[in-house]
Amino acid sequence: MWEYIEERVVREGKYIVETGCTVRACANVLGTSKSTVHTVVTY
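Residues numbered from 1 in each chain as written. Predicted model: local features only at pLDDT ≥ 70, side-chain atom pairs only at ≥ 80, totals over all residues. Heavy atoms only, no water.

### Examining the packing of helix 1 (residues 3-19) against helix 2 (residues 23-30)
Now for step 1: Remark: helix 1 packs on helix 2, axes separated minimally by 10 Å, with the N-to-C direction vectors making an angle of 125°. As far as their axial angle goes, helix 2 and helix 1 are oblique. Considering how the two elements wind past one another, helix 1 and helix 2 form a crossing that is right-handed. In contact with Arg 11, Glu 12, Tyr 15 and Ile 16 of helix 1, helix 2 contributes Cys 26, Val 29 and Leu 30.
Now for step 2: The class makeup of the residues in the contact of helix 1 with helix 2 is five nonpolar, no polar and two charged. (Axes fitted to C-alpha atoms, helices over the stretch in contact; angles between N-to-C directions. Helix = DSSP H or I, 4+ residues; strand = E, 2+ residues; numbered from the N terminus. Parallel < 35°, antiparallel > 145°, perpendicular 65-115°, else oblique. Left-handed = near helix turned anticlockwise from the far one by under 90°. Contact = heavy atoms within 4.5 Å. Nonpolar A, V, L, I, M, F, W, Y, C, P; charged D, E, K, R; others polar.)

Next up, the structure:
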């Protein structure tokens, strides 16, 4: 896996676990799309 993708996966996963936010809220905070966050988290 490319390094930047791996970093994004970890960052988004940690944020969701630490805050308990929804996928939509995580996408807004981190500046990505809801679909991207959902795809990353399901992997």
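### Focus: the packing of aromatic side chains
Now for step 1: With the rule as written, the count across this model stands at one aromatic pair.
Now for step 2: Judged by centre distance (6.1 Å) and plane angle (10°), the rings of Trp 2 and Tyr 4 are stacked. Judged on exposure class, the residue Trp 2 and its partner Tyr 4 are both exposed. (Phe/Tyr/Trp six-rings, centres within 6.5 Å; stacked < 30°, edge-to-face > 60°. Buried < 20%, exposed > 50% of the residue type's maximum accessible area, 1.4 Å probe, protein only.)

### Comments concerning the side chain of Glu 12
Now for step 1: On the secondary structure map, Glu 12 appears in helix 1.
Now for step 2: For the buried Glu 12, no salt bridge is present, and the opposite-charge side chain at shortest range is Arg 8, 4.1 Å distant. (Lys, Arg positive; Asp, Glu negative; His and termini not counted. Salt bridge = Lys/Arg side-chain N within 4 Å of Asp/Glu carboxyl O.)

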